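# Residue-level structural notes
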Amino acid sequence: VLNPASAPACFAATTLTFPDGALQPFTVALSCQSVVLAEAGANLTAYQLVARARDQAPCSGGGFPAPGYVDRQAEATLVRP
């Protein structure tokens with residue numbers, strides 16, 4: 001089990017694309033934020049991981065996307081000592 005003495009940094013935000021197949025219209029934006037928390041005399045690092053997938057760019061100016069527009073977001077929060 002990997003357990004470094006200090007908490008690792010978050011990865012740089014990145015965007016994934018799919019060149020072929022059914023997922024080709026989608027892009028997935030991945031991000032990570034971390035914060036150090038003090039609890040009961042110990043420092044904990046909390047990470048928030050976010051993945052957002054969409055099949056077209058969001059509308060600018062408050063318009064509506066095309067029919068069938070897909071936009072999903074999943075989040076996870078992890079805490080390590």
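Report follows, based on the coordinates.

### Focus on the pattern of salt bridges
In this structure the tally under the stated criterion is 2 salt bridges. Note that Asp71 is salt-bridged to Arg52, the shortest N-O span being 2.7 Å. Separated by 19 residues along the polypeptide, Asp71 in strand E4 (residues 71-80) and Arg52 in strand E3 (residues 42-54) bring together distant segments of the chain. A salt bridge links Arg54 to Asp71; the shortest N-O distance between them is 3.7 Å. One end of the pair, Arg54, is in strand E3; the other, Asp71, is in strand E4, and 17 residues separate them in sequence. Look at Arg54 and you get buried, because its relative accessible area is 16%. Among the ionic contacts, a cluster of salt bridges with common partners joins Arg52, Arg54 and Asp71.

### Side note on the sheet that holds strand E1 (residues 14-17)
Here we have 4 strands laid out as an open sheet, ordered E1-E2-E3-E4, and antiparallel in their pairing. In this open sheet, the two strands that pair with only one neighbour each are E1 and E4. The sheet shows a mean angle of 20 degrees between the axes of neighbouring strands, direction not considered. Of the strand pairs in this sheet, E1 and strand E2 (residues 27-39) are connected by 4 bridges, and their pairing is antiparallel. Each residue of the ladder has a partner; that of Thr14, found in E2, is Leu30.

The rules behind each value
Residues numbered from 1 in each chain as written. Predicted model: local features only at pLDDT ≥ 70, side-chain atom pairs only at ≥ 80, totals over all residues. Heavy atoms only, no water. Salt bridge = Lys/Arg side-chain N within 4 Å of Asp/Glu carboxyl O. Helix = DSSP H or I, 4+ residues; strand = E, 2+ residues; numbered from the N terminus. Buried < 20%, exposed > 50% of the residue type's maximum accessible area, 1.4 Å probe, protein only. Pairing = 2+ DSSP bridges. Axes fitted to C-alpha atoms, helices over the stretch in contact; angles between N-to-C directions.

Everything listed is a geometric property; what it means functionally is a separate question.
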